[in-house]
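For reference, the chains in residue letters:
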Amino acid sequence: MNGAAGCPGGGERGPRWRRPWKLLALGLLSASSVLAAAPGAGAMSKEEKRRLGSQVLEMFDHAYSNYMEHAYPADELMPLTCRGRVRGQEPSRGDVDDALGKFSLTLIDTLDTLVVLNKTKEFEEAVRKVIKDVNLDNDIVVSVFETNIRVLGGLLGGHSVAIMLKEKGDYMQWYNGELLHMAKELGYKLLPAFNTTSGLPYPRVNLKFGVRHPEARTGTETDTCTACAGTLILEFAALSRFTGTSIFEEYARKALDFIWEKRQRSSNLVGVTINIHTGDWVRKDSGVGAGIDSYYEYLLKAYVLLGDDSFLERFNTHYDAIMRYISQPPLLLDVHIHKPMLNARTWMDSLLAFFPGLQVLKGDIRPAIETHEMLYQVIKKHNFLPEAFTTDFRVHWAQHPLRPEFAESTYFLYKATGDPYYLEVGKTLIENLNKYARVPCGFAAMKDVRTGSHEDRMDSFFLAEMFKYLYLLFADKEDMIFDIEDYIFTTEAHLLPLWLSTTNQTISKKNTTTEYTELDDSNFDWTCPNTQILFPNDPMFAQSIREPLKNVVDKSCPRGISRVEESLGSGPKPPLRARDFMASNPEHLEILKKMGVSLIHLKDGRVQLVQHAVQAASSLDAEDGLRFMQEMIELSSQQQKEQQLPPRAVQIVSHPFFGRVVLTAGPAQFGMDLSKHKAGTRGFVATIKPYNGCSEITNPEAVKEKIALMQRGQCMFAEKARNIQKAGAIGGIVIDDNEGSSSDTAPLFQMAGDGKNTDDITIPMLFLFNKEGNIILDAIREYEAVEVLLSDKAKDRATIFKGKMIPNYIIDSNLEMENTDQKSSENDSHKQDSEEAPSASQDVGAASEEPEEGENSDVTDPDSLSPADAVSDSVSISNQDSYVPGTEEATAPEPACTPGDHQPQEQETETESNSKVNWDSKAQPMESILADWNEDIEAFEMMEKDEL
């Protein structure tokens, strides 16, 4: 996330500046104009600043040259293996890969960084490469949000600095707006995503086929994040202003207007995830981190860039709510939009690190200093900011993909205060990057900040943002070839000129904002204030705010050393995390026992976890147990929503069933997509040998041109599919080996691939639970020849037997059955329309099979489930406030800072060992389990848990 570049409060603005600009209290001023006494507060020498600036340039060269040498024209560099990341050629990383579109992402994202770092020759070469090599008409599904901020923003930022250089007369004299033409082409490719009744865009779009086209492979999504729909206005408005084509700005404004109208009126907060068709909030927690962050940022910056007062009024309304409910200095904690006095979670994500920079832009410096200092203390403890950390500053998610948000806030706080302390903070960031993240082929993301392990990724935003902010932090005005104050930064740190505010104003500016709250806000100003009002002429101003927070991390909830660790002298050991838990690991089971968590195997194959805090070895262990249970609930609910897909159908069409028996089946991530082949696949079934399908089929003559039946287990699903396809099968059905399992009682899941390219699998594959599978097996034993139809949904008999002889008694009963089917269809349709989320029996996750014992594989066996890998059988967790038959209902309190003062109450979760882990950081547990509850009851249940 990024701040704005300047405070254009008036004065001369270059040849395109047409009138004075009225702005709010930005507080973003050049360091030379603030705190003249600052040098007395341990100022960094010019030589040291210049040395660090040169070091930033060398680091950038190391990253950029390795991308160009080893990765270009691929989207991103894989710095550990020194090669490019090409989507489809590497194992899928899920939603992360939606940023990749085979359009040389890193190069486009880096264009204006080259100019900021005075690398004008390299910029000119890069622009030529983009114009010559980049193709935007790829048949690939990409994220609308990521493509907008990285690619469209990168092209517009490149165009902005290109025309600036051309005006200066030294470079880019040949440039004729080619980047802008590409930006306009891309803008039109993103517009189909806005084809919704609400005006909120679909989260993904196919660059070649749009959204609803049969070949688009997208357009079925119902939800998007608030930031995804609310972070478009700067790029789209700039595109409209540059080109004179108003449609882009109109679409972005409509999306913002809709989100504003759907805010929770009593709290003035917005949720994390919203239904793009109905406008209902899907996730009703609210914060300033992931999922919402840049929505707030773009409201304020849209006012700065476009001059529309309604954007500022909306921002200030939201900001008042943020400071009233979410800000708990120095923390920023998510709350429920309906009950904003209650926290929604006990941890924070790293993306909120942008917020101090936005507060600088707002002019609210004190809380910005406080939150920034807290984050810096976390960094000093772990070298980097973990993706998420708890309120007592333990690591919650240990990854760090080299995010730039903290560097951004550091830069803006230095610009606002002139305090040399922030130069030292920047120096620490440089040292940590070189010491811990630098590798021979670039800079590698941290897989775990606690161990220092690396991940083979270097995201494009690292070059687009990190080096830009670090260089600007140490650069003096004379080091720049242009005035950075004439531009505003997008959320990806791309530069848009402020003169766009008066260019091609094709949109009539009218205040569409209604129902504002009267705010007691002393910073609700319309012009840049006197700096001495915001920052007293005292070099110790910022230090006096930081001082009480300098030990906030070390002094918060100090963790004692357990008795075992004391005896071993090994020091504190991190508690067991839910994502690391493996049910077959004796050590993990022993840790659960110490935490008061018991593991119960149910008859249907599921595993239930129940915590009894009084049975924990100590209050500290009870606290760890509470956190483990909360994590398990959250992780399971996340997955339940992450990969929801409609179930498939196995229809028995042979005598005596004739299509009347329809079995609910789970799909696969590979093979024929039955949703795109309406006729489905029809054939007689045959049991393969060996029955597990994990080696070459020994009865190919019985399987050829038939649909193969096999048992789950012993190897990966994809391996089974390849073996039966090689034997000549036209489809496959995998039957669960867990006795008694049924789609009536367990959620379906999607069969995952094996981490390799599965394009070679072309036959359809479906999964049946044990109960449904036995129906087919029993039919084979009784009737021998059993024919089935594999399809996306059950077919009517007229379709099934079209062109075939239909038994007389079926013809005679057609009229009666038709009436029954019509009523059933109407009921099903009504139920589907009235329910926001699928029922538990229709939840689809993803799973992959277990490798044979002794094989070298990362996939665990059924009893050694690892929620982090989500590769084998499943963990599905129920909220502790919901009733589970055979267990005792219990709730759990929030962990206290002094765990000895409060004993956590009982808490229970449910773990399914034979369905897939359903995680989604955007999902609430109650939604996946109690889909038919209304919004208020669901929110109340969540809040009741937190309140206890």
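Note that the structure is a prediction, hence the values are computed from the model and not measured.

> Help me understand the overall build of the protein, please; the structure alone is not making it clear to me.
On a plain count of helices and strands, the protein comes out with 29 helices and 32 strands. Buried residues in the protein amount to 60% of all 948 residues. For the protein, the proportion of contacts with a sequence separation of at least 24, taken over those separated by at least 6, is 74%. If you sum the accessible surface of the protein, you get close to 36600 Å²; carbon and sulfur atoms cover 49% of it.

> Can you walk me through the side chain of Ser104 in this structure?
Assignment of secondary structure puts Ser104 in the loop between β2 (83-85) and α2 (105-116). In terms of polar contacts, Ser104 uses its side chain to reach the backbone carbonyl oxygen of Pro73, at 2.9 Å. What Ser104 contacts, discounting residues up to four positions off in sequence, is Tyr67, Tyr72, Pro73, Ala74, Asp75 and Val134.

> Can you help me understand the packing of helix α1 (residues 46-70) against helix α15 (residues 460-474) in this one?
Packed helix pairs are characterised by how far apart their axes lie and by the angle those axes make with each other. Where α1 meets α15, the axes come as close as 8 Å, and the angle between the chain directions of the two elements is 165 degrees. The angle between the axes of α1 and α15 places the two elements in the roughly antiparallel class. For the pair α1 and α15, the sense of crossing is left-handed. Between α1, through Lys49, Leu52, Gly53, Val56, Leu57, Met59, Phe60, Ala63 and Tyr64, and α15, the contact on the second element is made entirely by Leu463, Phe467, Leu470, Tyr471 and Phe474. When the residues that make up the contact of α1 with α15 are grouped by side-chain class, the tally is twelve nonpolar, one polar and one charged.

> Help me understand the packing of aromatic side chains in this model?
Geometry of an aromatic ring pair is reported as the spacing of the ring centres plus the angle between the planes. In this structure the tally under the stated criterion is 31 aromatic pairs. Taking the centre distance of 5.5 Å and the plane angle of 80 degrees together, the rings of Tyr469 and Phe489 count as edge-to-face. Residue Tyr469 is found in helix α15, and its partner Phe489 is found in strand β19 (residues 487-489); the two are separated by 20 residues along the sequence. The same class applies to Tyr469 as to Phe489, namely buried.

> Where do I start with helix α24 (residues 770-783) in this structure?
In this model α24 runs 20 Å from its N-terminal to its C-terminal C-alpha over 14 residues, within 8% of the 20 Å that 1.5 Å per residue would give. For α24, the complete set of buried residues consists of Asn770, Glu772, Gly773, Ile776, Leu777, Ala779 and Ile780. Contacts made by the buried residues of α24 are with β23 (648-652), β24 (661-665), β25 (681-687), β26 (707-711), β27 (731-735) and β29 (765-768). Looking at the residues trailing α24, positive phi occurs at Glu784, about 65 degrees.

> What is the right way to look at the pattern of salt bridges in this model?
Counting across every chain of the model gives 40 salt bridges. Note that Glu249 is salt-bridged to Arg253, the shortest N-O span being 3.0 Å. Of this pair, Glu249 and Arg253 both sit in helix α8 (residues 247-261), four residues apart, roughly one helical turn. On the basis of relative accessibility, which here comes to 0%, the residue Glu249 falls in the buried class. With a closest N to O distance of 3.6 Å, Arg712 and Asp736 form a salt bridge. With Arg712 in the loop between β26 and α23 (717-726) and Asp736 in the loop between β27 and β28 (749-751), the pair connects residues that are 24 residues apart, well separated along the chain. Accessibility assignment for this pair places Arg712 and Asp736 in one class, buried. Through salt bridges with shared partners, one network takes in Glu76, Arg93, Asp97, Glu146 and Arg150.

> Would you take a moment to explain the pairing of β26 for this structure?
Working note: regular strand, side chains alternate between the two faces of the sheet. Summarising burial for β26: four of the five residues are buried, a large majority. Of the strand pairs in this sheet, β25 and β26 are connected by three bridges, and their pairing is parallel. Following the sheet pairing, Val685 is matched in β26 by Ile707. In this sheet, β27 lies alongside β26 in parallel orientation, the contact comprising five bridges. Opposite Ala708, over in β27, you have Gly732 as the bridge partner.

> Just checking my understanding: could you explain the packing of α8 against helix α9 (residues 293-306) for this structure?
Look at α8 against α9: their axes get within 12 Å of each other, and the N-to-C directions meet at 130 degrees. In terms of their interaxial angle, α8 and α9 are classed as oblique. Here α8 runs over α9; the crossing is left-handed. Counting all contacts with α8, which are made through Glu249, Arg253, Leu256, Ile259 and Trp260, the residues of α9 involved are Tyr295, Leu299 and Leu306. Class assignment of the residues belonging to the contact of α8 with α9 gives a composition of six nonpolar, no polar and two charged.

> Can you walk me through the nonpolar core in this structure?
Soluble globular proteins: nonpolar side chains tend toward being buried together. One finds Phe123, Tyr296, Leu433, Phe443 and Phe467 to be the most contacted residues of the largest nonpolar core, which totals 178 residues. Here the element with the most residues in this core is helix α4 (residues 144-168); it accounts for twelve residues. For Tyr296, the contacting residues outside a window of four places in its chain are Leu269, Val270, Ser286, Gly287, Val288, Phe315, His318, Ile322 and Leu358. Ranked by size, the runner-up nonpolar core spans 23 residues in total, among them Phe670, Ala708, Ala718 and Phe749.

> Any chance you could explain the side chain of Arg204 here in plain terms?
Structurally, Arg204 can be placed in strand β4 (residues 204-206). A polar contact is formed between the side chain of Arg204 and the side chain of Asp98, at a distance of 2.7 Å. Here Glu221 takes part through its side chain, which lies 3.4 Å from a polar atom of the side chain of Arg204.

> Teacher, can you tell me more about the sheet that holds β24 here?
Pairing between the strands of a sheet is mediated by backbone hydrogen bonds and can be parallel or antiparallel. With mixed pairing, seven strands are arranged side by side in an open sheet as β24-β23-β30-β25-β26-β27-β29. The open sheet has two edge strands with one neighbour each: β24 and β29. Averaged over all adjacent pairs, the angle separating strand axes in this sheet is 30 degrees, with direction ignored. Across four bridges, β25 lies against strand β30 (residues 787-791) in antiparallel orientation. Residue pairing across strands places Arg682 opposite Leu789, the latter belonging to β30. Set on the sheet, α24 makes contact with β23, β24, β25, β26, β27 and β29; between it and β24 the angle comes to about 140 degrees.

> Any chance you could explain the confidence of the model for the protein here in plain terms?
Per-chain confidence: the protein averages 78 in pLDDT, with 71% of residues scoring 70 or above. Confidence drops under a pLDDT of 50 for residues 2-41, and excluding neighbours within four residues, the segment shows 135 contacts in the predicted structure. Long-range and interchain partners of residues 557-572, a stretch whose pLDDT sits below 50, account for 19 contacts in this model, where long-range means more than four residues apart.

> Where do I start with the state of the cysteines in this structure?
In a disulfide, the sulfur atoms of two cysteines are held together by a covalent bond. Under the counting rule described, the total for this entry stands at three disulfides. Disulfide pairing places Cys82 opposite Cys441 at an S-S distance of 1.9 Å. An S-S torsion of about 95 degrees defines the bridge between Cys82 and Cys441 as right-handed. On the criterion of sequence distance, the pair formed by Cys82 in the loop between β1 (76-78) and β2 and Cys441 in the loop between β15 (438-439) and β16 (442-443) is long-range, its members being 359 residues apart. By relative accessible area, which is 5% here, Cys441 ends up buried. Between the sulfur atoms of Cys694 and its disulfide mate Cys715 the distance is 2.1 Å.

> I would appreciate a short explanation of the sheet that holds strand β7 (residues 281-283) in the present structure.
What the three strands build is an open sheet, ordered β5-β6-β7; its pairing is antiparallel. Looking along the sheet, the strands with just one partner apiece sit at the ends: β5 (223-225) and β7. Going from strand to strand, the sheet's axes swing by 35 degrees on average, the running direction of each strand aside. Here strand β6 (residues 273-275) runs beside β7; their pairing, made up of two bridges, is antiparallel. Note on β7: the bridge partner recorded for Ile274 is Trp281.

What counts, and at which threshold
Residues numbered from 1 in each chain as written. Predicted model: local features only at pLDDT ≥ 70, side-chain atom pairs only at ≥ 80, totals over all residues. Heavy atoms only, no water. Helix = DSSP H or I, 4+ residues; strand = E, 2+ residues; numbered from the N terminus. Buried < 20%, exposed > 50% of the residue type's maximum accessible area, 1.4 Å probe, protein only. Contact = heavy atoms within 4.5 Å. Areas by Shrake-Rupley, 256 points an atom, 1.4 Å probe, with all protein chains shown as cover. Polar contact = N/O pair within 3.5 Å; in protein donor to acceptor, adjacent residues only side chain to side chain. Axes fitted to C-alpha atoms, helices over the stretch in contact; angles between N-to-C directions. Parallel < 35°, antiparallel > 145°, perpendicular 65-115°, else oblique. Left-handed = near helix turned anticlockwise from the far one by under 90°. Nonpolar A, V, L, I, M, F, W, Y, C, P; charged D, E, K, R; others polar. Phe/Tyr/Trp six-rings, centres within 6.5 Å; stacked < 30°, edge-to-face > 60°. Expected span 1.5 Å × (residues − 1). Salt bridge = Lys/Arg side-chain N within 4 Å of Asp/Glu carboxyl O. Pairing = 2+ DSSP bridges. Core = buried A, V, L, I, M, F, W, Y, C linked by side-chain atoms within 4.5 Å. pLDDT = per-residue confidence, 0-100. Disulfide = S-S within 2.5 Å.

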